[in-house]
Amino acid sequence: MTSLSEVRSSRCKDHGLWRARIFWCARFAPRGLPVFWVRQEFAPDLHDAFLEMRANKVSITIAGTPGCGLLPKLEHFPADPVIMKKRYSAFFGTDLDTQLSNIRPDVLVIAGVNTHACVRMTAIDAYQRDYGVIVAAECVASSDPEHHDVTLRYLDENVARVLPTADILGVIEAPEKRRGGVAA
């Protein structure tokens, strides 16, 4: 059986997602900017999973299995916070909001999969909390290219700036803003 991590890796390989996220995160750490890693994990009996998973008995990202961990190629530091979520948004039912309130960033840079679900919901929830939101264009991907494109257009026109990595580097190097990163 293929793990969710393997599926995500194969879906996103063609998008350069992993290379771009590694590049992007390597730019945050030396500047003392936090990177919050977000992963999904459910109990083996799915009692904490969302409705569709329970109804269809979909067992992915199960606690204690390799499929629910961060991919090894996504190098992260032991001190980086890891948020464990149960739903699409990195904010829903987690302590991300509390952790961010402790550092009070002005801007969140969001990367991850799937663009049309987790990235979209996290970006909207960040916007609803009055954060400036940047979606890292090369650092998001989806199993559904059409929904990926529609989501990026929607986010860029309504709640976020969708920027290429080079432009994000300019933003994080600006001294007047406090930044943080969320890998949804």
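Residues numbered from 1 in each chain as written. Predicted model: local features only at pLDDT ≥ 70, side-chain atom pairs only at ≥ 80, totals over all residues. Heavy atoms only, no water.

1. Here's the deal with the pairing of strand E1 (residues 35-40)
Then step 1. Extensive coverage of E1 is indicated by the burial of 5 of its 6 residues.
Then step 2. Pairing of E1 with strand E2 (residues 82-85), which is carried by 4 bridges, proceeds in the parallel orientation. By the bridge assignment, Trp 37 is partnered in E2 with Val 82. (Buried < 20%, exposed > 50% of the residue type's maximum accessible area, 1.4 Å probe, protein only. Helix = DSSP H or I, 4+ residues; strand = E, 2+ residues; numbered from the N terminus. Pairing = 2+ DSSP bridges.)

2. Concerning the nonpolar core
As a rule of thumb, soluble globular proteins bury nonpolar side chains together.
Then step 1. With 22 residues, the main nonpolar core has Phe 91, Leu 96, Leu 100, Val 133, Val 135 and Leu 155 as its most contacted residues.
Then step 2. Within the residue set of this core, elements represented by two or more residues are E1, helix H4 (96-103), strand E3 (107-113), helix H5 (115-128), strand E4 (132-141) and helix H6 (145-158).
Then step 3. Considering each element in turn, this core owes the most residues, 4 residues, to H5.
Then step 4. For Phe 91, the contacting residues outside a window of four places in its chain are Leu 96, Asp 97, Leu 100, Leu 108, Thr 122, Asp 125, Ala 126, Arg 129 and Tyr 131.
Then step 5. Judged by nonpolar contacts, the second largest core, of 17 residues, contains Ile 134, Ala 136, Val 171 and Ile 172. (Core = buried A, V, L, I, M, F, W, Y, C linked by side-chain atoms within 4.5 Å. Contact = heavy atoms within 4.5 Å.)

3. Some remarks on the environment of Gly 132
Then step 1. When you line up the elements, Gly 132 lands in strand E4.
Then step 2. For Gly 132 and Val 159, which are 27 residues apart along the polypeptide, the C-alpha to C-alpha distance reads 8.4 Å.

4. Things to note about the packing of aromatic side chains
Then step 1. One pass over the full model with this rule turns up 2 aromatic pairs.
Then step 2. Consider the rings of Phe 42 and Phe 50, whose centres lie 6.0 Å apart with planes at 75°: the pair is edge-to-face.
Then step 3. Residue classification places Phe 42 among the buried positions, given a relative accessible area of 0%.
Then step 4. Overall, the relative accessible area of 18% leaves Phe 50 in the buried class.
Then step 5. Taking the centre distance of 5.6 Å and the plane angle of 50° together, the rings of Phe 50 and Tyr 88 count as tilted. Within this pair, whereas Phe 50 is found in the loop between E1 and helix H3 (51-56), its partner Tyr 88 is found in the loop between E2 and H4, the two being separated by 38 residues in sequence.
Then step 6. Through a chain of ring-to-ring contacts, three or more aromatic side chains come together here, namely Phe 42, Phe 50 and Tyr 88.
Then step 7. The aromatic ring of Tyr 154 is capped on one face by Arg 120, whose charged end is 4.4 Å from the ring centroid. (Phe/Tyr/Trp six-rings, centres within 6.5 Å; stacked < 30°, edge-to-face > 60°. Lys NZ or Arg CZ within 6 Å of the ring centre and 35° of its normal.)

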